[in-house]
Structure formats: C-alpha cells, structure tokens
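What the coordinates show
One letter stands for each residue in the lines below.
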There are 4 protein chains.
Amino acid sequence: MNEADRLAELFMRFPGIGPKQAKRFVYFLLRENSHYKDQLIKSLEELKHTGKQCTRCFRFYGDKYNTSNLLCDICSSSSRDKSLLMIVEKDIDIDAIEKTNSYNGLYCILGGLVPPLSDKPTDLIRIRELTALIHTSLTENTLQEIIFALPVTDYGDNTQEYIQKTIRQIVGIDKVKLSHLARGLSSGLEIEYVDKDTFKSALERRN
Amino acid sequence: MNEADRLAELFMRFPGIGPKQAKRFVYFLLRENSHYKDQLIKSLEELKHTGKQCTRCFRFYGDKYNTSNLLCDICSSSSRDKSLLMIVEKDIDIDAIEKTNSYNGLYCILGGLVPPLSDKPTDLIRIRELTALIHTSLTENTLQEIIFALPVTDYGDNTQEYIQKTIRQIVGIDKVKLSHLARGLSSGLEIEYVDKDTFKSALERRN
Amino acid sequence: MNEADRLAELFMRFPGIGPKQAKRFVYFLLRENSHYKDQLIKSLEELKHTGKQCTRCFRFYGDKYNTSNLLCDICSSSSRDKSLLMIVEKDIDIDAIEKTNSYNGLYCILGGLVPPLSDKPTDLIRIRELTALIHTSLTENTLQEIIFALPVTDYGDNTQEYIQKTIRQIVGIDKVKLSHLARGLSSGLEIEYVDKDTFKSALERRN
Amino acid sequence: MNEADRLAELFMRFPGIGPKQAKRFVYFLLRENSHYKDQLIKSLEELKHTGKQCTRCFRFYGDKYNTSNLLCDICSSSSRDKSLLMIVEKDIDIDAIEKTNSYNGLYCILGGLVPPLSDKPTDLIRIRELTALIHTSLTENTLQEIIFALPVTDYGDNTQEYIQKTIRQIVGIDKVKLSHLARGLSSGLEIEYVDKDTFKSALERRN
C-alpha cells in the first residue's frame, strides 16, 4: 500500500467520510503547495499537545498556551453568568448556541442521550459528573437555574425526564429552578407542516 | 391527440404534477376497474355542484346537501369559540391545524402573503375582507383575540406586521388582543442546527 | 365525510399520491373554474368507454372512436416494421422509447419482472401471451428479431435470461435472432462513478 | 483564534467541506487517541516528501521510497499494455477504472474539459503535453489506439472532438486508431428514464 492509500484510509475514519471522499482529500493534498501541508501538520501537532477536555463542562478545546489550566475558556471566564447551567448533548451544540450570542451562562455536555426504556442510563450520559457539578455549584452558592437544551425528540425528552428526576432527588425545587427551551414554531416552518405538539406549545404560549 | 393524452394534459395542471406523473395517472386509470372510475366521476360531479367558498373565512369546502348556506361548517358551527380568530395563509394550513385538535376558534384565510417592500399589498391578500370581517365581529361583540398563524419566514413576518398596523388603525388595543403563535424549538429539531432567532425565542420563553 | 374528503380518498389511490397531495388536488379543483372540471369529467368518461388493452402487445390505450378494433395504434399501423419485436416491462417504457423516434418495430409488454430464484415466473410476467405472440408471428412469417429492452438490474437480467431460455425451446436460432440493447455509458455519466459491468461493456464495444 | 478554530479553517479548504463538517473533524481529532493523530501527521509528512506528479500521465501519486523515478507505478510498470492510451479528465477517474480490473493500458490525464465555444482550449487542458506524449509514443513505435473515456456530457463530447481534430493533424488514421467508450444502458438504468442519445446508441449497437 502506498502513502496516498494509507492517508486515504486514515481520512476514512473522519466522521461522514467514505472511500471516495477520502481519495479526493488525498488528491487535494497532493495538488496543494507545501506551505498548506506544513500548516496542516503544524496545526495537528499543536492540537495533539494542547487538545484538552474541560474537567467541568467536558468540552474539548485547544489550550493554546498549553497551560496547567483544567477548565475551558467558557468555564474559566469571569464574565459568564454562573447562575445558569445549560445541559446539552454534544460539543457542536455549544458552537451553535455560542454563535447566536444570546446565552451567557455555563454548560454541561452529556456526551449522549438516554433512549426510552433504557435500563442502564448511567452508562450512556455523564449523569454522575453532572450531579457532582451541581453539588459543587450549590456549595459555591452560585447555581440558580438549570436549562435543558436537548433535541426535540423522544430521546431528548426521555433524557430530560430522567435527569430532572435524578436532580430532584438531590436538590429541592426552591434551591434550583429547572427549565427547558420553549417549544414553538422554528424559523422557516410553514403552518401546513406543523405537528400537534409544536402547534399546541406555540398556541398555549402565544404572545 | 387521443383520449389518454388529453387526460394526461388535464392532469398536468394538477399542482406538482409533471408529464411523467400525469401519464402514470392515466395508465393507472386505464388499469383500474369501471367502478373506481365511476366513483371518481361522480365525486368530481358532486364537487362541481357543491364546491363553495365560505363568505366569511374564504375556505373552499364541499356543501354536501347543496344547501343555501353561505358559511362553511366551521364558521356556522355553534360549538366553535367566536372570541378567537386565527389568520392563516391558505386552506391547507387549516387542515393541518384542525388535525391537531388543539384550536376551537374561527379562521380567516388571507389567500397569500405580502413580500417585504411590496407596494400593492392590498392586491396580494384579502385585507379588505379581513377588516370587514373584524368590523362585523366587533359589532356582534364577540371577537376578543386575533391570532397570527403565518409561516416563520420573511414573507410571513412582513405580512403579519402589515396586517397588525392595518388592524390597529381600525380597532383599539383594549378592544382586541393581537397575538401570534410562539416561536421556539419545533419537534425534531437538533440543537446543533438551531438558528439565532429560534434559539433566542426559545431561551426567552423557556419554561 | 364530506365530498372534498371523499374525493381526496379517491385521489390517494393514484400512484405516488399521499394524503397531503390528495388534499392539494381537491383544493385545486375547488378553486378551478367549472369549464376545467367539465373537461376533466368528460375526459374520464371517454377514457372509461374507450380505454382498452391491446390484445397483441398488451398496451393500454384510448380508442378514440370506440371502434371494434382489438389492436392498439402501434400494432395496427401498416408503417411499423413487423420484423422487430421489442420486449419491455411496462407501458411507460414504450412512451419513453417512442419519444426517441428511433425505433419503428413492434412491442410486447411483460407487465412485470422475474426476480432471481423466483419459483413461479409464469405468474409474474406474460410469458404465455409472449410465446403465443411469437408463434403467431412465425406463422405469419414476419418476425426476424426479438430485442430485449429491460432495466439494467438483477431483475431485468434474470427476466431476460428466463425468457431467452423459454423462447429457444420453441424457436431455433436460425429462425429468430435474440438481441438486447447494448450496455455502455449513459448520457450524463461521469467516469468517476462508472461501475465494473458498465465499463467493461463500454470498453469491449468501444468504437 | 485558538488551535481548534485554526485547524477547522484549514479543513474548510478540503474539497466539499463546510464550516460545520470542518468542526466535526476537529472534535473527532480531539476525541481520538494520540496514536491516530501521530499516524495522520506521519502520513501527511510522508505525502509531503513523496507526493509527486507523473511526468508522463500527470497522475499524482505517493512515491513510497522517494526514488529518483519520474514516472508513476502505472507508467513505469512493464506489465501494462503500451499500445493503448486512455484519455481521462481527472485523477479519480483512473481510480474508478483501475478498480474494475478491466483495462491494462496506459492513461493521460487532461486536468480539465473544454466547454463548447471555448476560445482558448489550450489553457484548459493538457493538450500540448498530450501531443508531446503521442509523439514520443509514436517514436517508440508502441502506440496503436487512443481511447477516450470522458464524461458523457456536452463538455466531454466537445473536448473529445477538439482533441480528435488536434491529433488527426499530427498523426494519420492508419498509424493510430481513435476510439471512445461505447454509449448504451448503464447499470441500474430503467428504460422509462432513457434519453434519446442513449437509446439510439444502445439500439444501434444491440448485441
């Protein structure tokens, strides 16, 4: 196997990349100038050395100066609102939310969802880590509200329900408010395609 | 041109039907038994005779007994809540909403939308008919709230704004409440694909 | 159930039409003028009376003048080349081929395909009707070549093989030639997406 | 800009990769173990050093042992049939053809296509390189046939016509045969979707 094939095989492990696309990447790199390839190699080297997972919210992030810091830039920022904790499924959800410039609190990444009727939910999401984080936040007397930002699907709803029950066992309603992003009409939706749940929520909460 | 081709040409005027699909309809009908074709012809005949447009909400409907009634079954029903008027773009939106079994008020169909910067909005939607309907309802002392259920697009937003202004010129805020279906996360939405407007609405209105 | 719903139900039996599309057809018809609806009804009536299946090639066709003719316009035409018989799967294949203006022989419609390992092929395609047609044509001393125009799929290939075997049992190689449309690169094909069978055929038969 | 964002920007230059997919690659790499990242970096380094373009057919390839060889493995192989030269548009076409195991001749990559009515075709494809290659091959007395394997589109047909004219100016019909992959039904094609050119070719060349 030559170098081009070996590289194509490595690219095939990238998410969503099949053999044809992997080959296209290799041909692209063969055609590109040396400078671009040097940049890519350097960037990968640095990611290898500085790539870290935040011990608080579990985001993956690149620690530019390779500090001894254990927290990501969001968790360690003094300008974020520590009274809000938003629960999301995965890293890329945070990217989407940050891009809206509409939320200034903290996050916790579950790393998965709990399907309905799942018998071992603790293996599927970071529930222990989340409860530990809530305990710490309560001790620090900062946390006031936990906001669920999970997908609007059976998996998302079931995960939310499971976590809400678990949280309620460790912290009283008066201590921390539990909320979730409102359901309603998303941008682009045509009324003719509205489903029952979405319409009901949108009608009840009309404004 | 033979009969099959003539029928295919007529089917090509059906919404969303191209020449290939029109031919498939004809072949389907050629293969079908006489009974089905008789039913179809009879049903079309009756639609021709009983098909009416409601003079109040502008819905098209089939008046089964070919009565002298001028109102559709929703507008003439005594069990619908006459204090609520929902403004929609087109007939099929009402079908979708009625299927949710979540709304029991009346409707008015605009028959179109007003694009941004349109200079003749009165030609595009039934604004005169709508204001007349509101006047009548006010005289009857029944109307309390007008709910906008328009698509969540630039066209929908612009139409809503235009109608709200027009309504406010003829009826005071204390007389009739104006509201619209709430924006938020629709069923099936993954957080990673959320847009700014949807996220902001969903966060502000979290519950 | 009102007339509009009944008609929507009838439209839902049309090929490829779901409940939403069926409703759109009904709303379209409700909005259309009487003249169009009259034309549609008249055309359906005539199709009902004049719709026939050719007893030779099994095409469905509209017999405009409702004659006592049993053959379709292709089979009864004196200008078609009776030495060629093309075997196709379904009616709409003939439409596509006739539109190319490149073939002037006769057809026979199988009405289906034989899946590999099928144990009752005689129930799936008009094999008895086809062999009868070949017998008649041989008696008339006209048929010289049978051309297979079946889809380039496992089903198509298996059907062709099965029919070839059956035909060879009733008529010698010297009497009737058996051929099939050549394999090769179809219009629009990019070489990067070529499959092995297509490339091999296209290379062997390069010109 | 942190390291993760910088890497995402570099990935966005990969063919067909948008900002979202680029981010997914970075998150994937952050999650992957060190060993995989090391392999990827090493493979990129080697590609940088061993990536070459064949001076004969213009393929990009990885020269594993970084030899002083100027020809790719196909052009320098003694087992390939030097009497056949296949003209393709791009690198990935060769991959697809080699995978069919049906062709054992040599290649020449044009690096592009000539649109109809183009006034500077020499800037768009390697026509000078191709004629030089043909001259050399004729001197070596090996070349017997040039096979066009270009996309079955207007661009492909126009390119083939342009090159054929150019070749005929430098080499007689008796010296080198010019051919192209046969047109016909590609795998998977349903007769109902056949176009005129494809059907005509398939009918003429039926077998």
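Here, every reference points to the structure presented above.
Below or above, wherever it landed, is the structure these notes cover. All of these numbers come straight from a predicted model, not from anything done at the bench.

This next bit is on the layout of surface pockets. A volume near 550 Å³ is recorded for the largest pocket. If you go around the largest pocket, you meet 28 residues; those closest to its centre are Asp 5, Lys 23 and Tyr 27 of chain A together with Asp 95 and Lys 99 of chain D. Elements with a contribution of two residues or more to the lining of the largest pocket: α1 (3-11) and α2 (19-31) of chain A together with β2 (60-62) and α4 (91-99) of chain D. In terms of residue class, the lining of the largest pocket is built from 16 nonpolar, two polar and 10 charged. Quantified by volume, the second largest pocket comes out at close to 310 Å³.

Glancing now at the packing of helix α2 (residues 19-31) of chain B against helix α4 (residues 91-99) of chain C. α4 of chain C packs onto α2 of chain B with a crossing angle of 140° between their chain directions and a minimal axis gap of 10 Å. Taken as axis vectors, α2 of chain B and α4 of chain C run oblique relative to one another. Crossing geometry of α2 of chain B relative to α4 of chain C is assigned as right-handed. Residues Lys 20, Lys 23, Arg 24, Tyr 27 and Arg 31 of chain B of α2 of chain B form the contact with α4 of chain C, whose participating residues are Asp 91, Ile 92 and Asp 95 of chain C. Of the residues assigned to the contact of α2 of chain B with α4 of chain C, the class counts are two nonpolar, no polar and six charged.

Looking now at the relation of the copies chain C and chain B. When chain C is brought onto chain B, the operation consists of a screw motion whose angular component is 180° and whose axial shift is 0.0 Å, with 0.1 Å RMSD remaining. Expressed as an axis order, the relation between the two copies is that of a two-fold axis. Taking C-alpha positions as the reference, the residue of chain C nearest the rotation axis is Ile 41 of chain C, at 2.9 Å. Interface overlap between copies is the fraction of interface residues in one copy that are interface residues in the other; for chain C against chain B it reaches 100%, indicating a shared surface.

Turning next to empty space enclosed by the protein. Applying the stated criterion across every chain yields a total of four cavities of 30 Å³ or more. As for the largest cavity, its lining consists of Leu 185 of chain C together with Phe 148, Ala 149, Leu 150, Pro 151, Gly 156, Asp 157, Gln 160, His 180, Leu 181 and Arg 183 of chain D. For the lining of the largest cavity, the element with the most residues is helix α7 (residues 154-170) of chain D, which contributes three residues. When the residues that make up the lining of the largest cavity are grouped by side-chain class, the tally is six nonpolar, three polar and two charged.

It is worth spelling out the interface of chain C and chain B at this point. Listed as interface residues are 48 residues of chain C and, on the opposing side, 48 residues of chain B. Together, the buried faces of chain C and chain B total about 4,800 Å²; carbon and sulfur atoms form 70% of this surface. The largest per-residue losses of area from chain C upon contact with chain B belong to Glu 3, Phe 14 and Leu 47 of chain C, which jointly make up 13% of the total buried on that side. At the boundary of chain C and chain B, one finds six salt bridges. The partner of Arg 13 of chain C in a salt bridge is Glu 32 of chain B, and the shortest N-O contact between them spans 3.2 Å. At the junction of chain C with chain B, the criterion picks out 10 residue pairs in polar contact (both at pLDDT 80 or more). Counting only elements with at least two residues in the side of chain C that touches chain B, the list comes to α1 (3-11), α2 (19-31), α3 (34-50), β1 (51-53), β2 (60-62) and α4 of chain C. Broken down by element, the side of chain C that touches chain B gets its largest block of residues, 14 residues, from α3 of chain C. A per-class count over the side of chain C that touches chain B returns 22 nonpolar, nine polar and 17 charged.

With that out of the way, let us pick up the side chain of Asp 91 of chain A. Inspection of the secondary structure puts Asp 91 of chain A in helix α4 (residues 91-99). For the buried Asp 91 of chain A, which has no salt bridge, the nearest side chain bearing the opposite charge is Arg 31 of chain D, at an N-O separation of 4.3 Å. Polar side-chain contacts of Asp 91 of chain A include one of 2.9 Å to the backbone nitrogen of Phe 60 of chain A.

So, about the pattern of salt bridges. Summed over all chains, the structure comprises 60 salt bridges over all chains. Between Asp 38 of chain D and Lys 48 of chain A there is a salt bridge; the shortest N-O distance is 2.6 Å. Note that Asp 38 of chain D is positioned in helix α3 (residues 34-50) and Lys 48 of chain A in helix α3 (residues 34-50), a pairing that runs across two chains. Judged by its relative accessible area of 22%, Lys 48 of chain A is partly exposed. Glu 98 of chain B serves as the salt-bridge partner of Arg 80 of chain B, at 2.8 Å between the closest nitrogen and oxygen. Taken together, the residues Arg 80 of chain B in the loop between β2 (60-62) and β3 (81-88) and Glu 98 of chain B in helix α4 (residues 91-99) connect sequence positions 18 residues apart. Exposure remark for Arg 80 of chain B: the relative accessible area of 12% places this residue in the buried category. According to the relative accessible area criterion, Glu 98 of chain B is partly exposed, its value standing at 25%.

The rules behind these values
- Residues numbered from 1 in each chain as written.
- Chains lettered and ligands numbered in written order.
- Predicted model: local features only at pLDDT ≥ 70, side-chain atom pairs only at ≥ 80, totals over all residues.
- Heavy atoms only, no water.
- 1 Å grid on protein atoms, 1.4 Å probe; cavity = no way out; pocket = protein on both sides within 12 Å on 5 of 7 lines; lining within 4 Å.
- Points joined across faces, edges and corners; volume = space filled by probe spheres on them.
- Helix = DSSP H or I, 4+ residues; strand = E, 2+ residues; numbered from the N terminus.
- Nonpolar A, V, L, I, M, F, W, Y, C, P; charged D, E, K, R; others polar.
- Axes fitted to C-alpha atoms, helices over the stretch in contact; angles between N-to-C directions.
- Parallel < 35°, antiparallel > 145°, perpendicular 65-115°, else oblique.
- Left-handed = near helix turned anticlockwise from the far one by under 90°.
- Contact = heavy atoms within 4.5 Å.
- Least-squares fit on C-alpha atoms with pLDDT ≥ 70 in both.
- Buried area = accessible area lost by both parts, 1.4 Å probe.
- Salt bridge = Lys/Arg side-chain N within 4 Å of Asp/Glu carboxyl O.
- Polar contact = N/O pair within 3.5 Å; in protein donor to acceptor, adjacent residues only side chain to side chain.
- Buried < 20%, exposed > 50% of the residue type's maximum accessible area, 1.4 Å probe, protein only.
- Lys, Arg positive; Asp, Glu negative; His and termini not counted.

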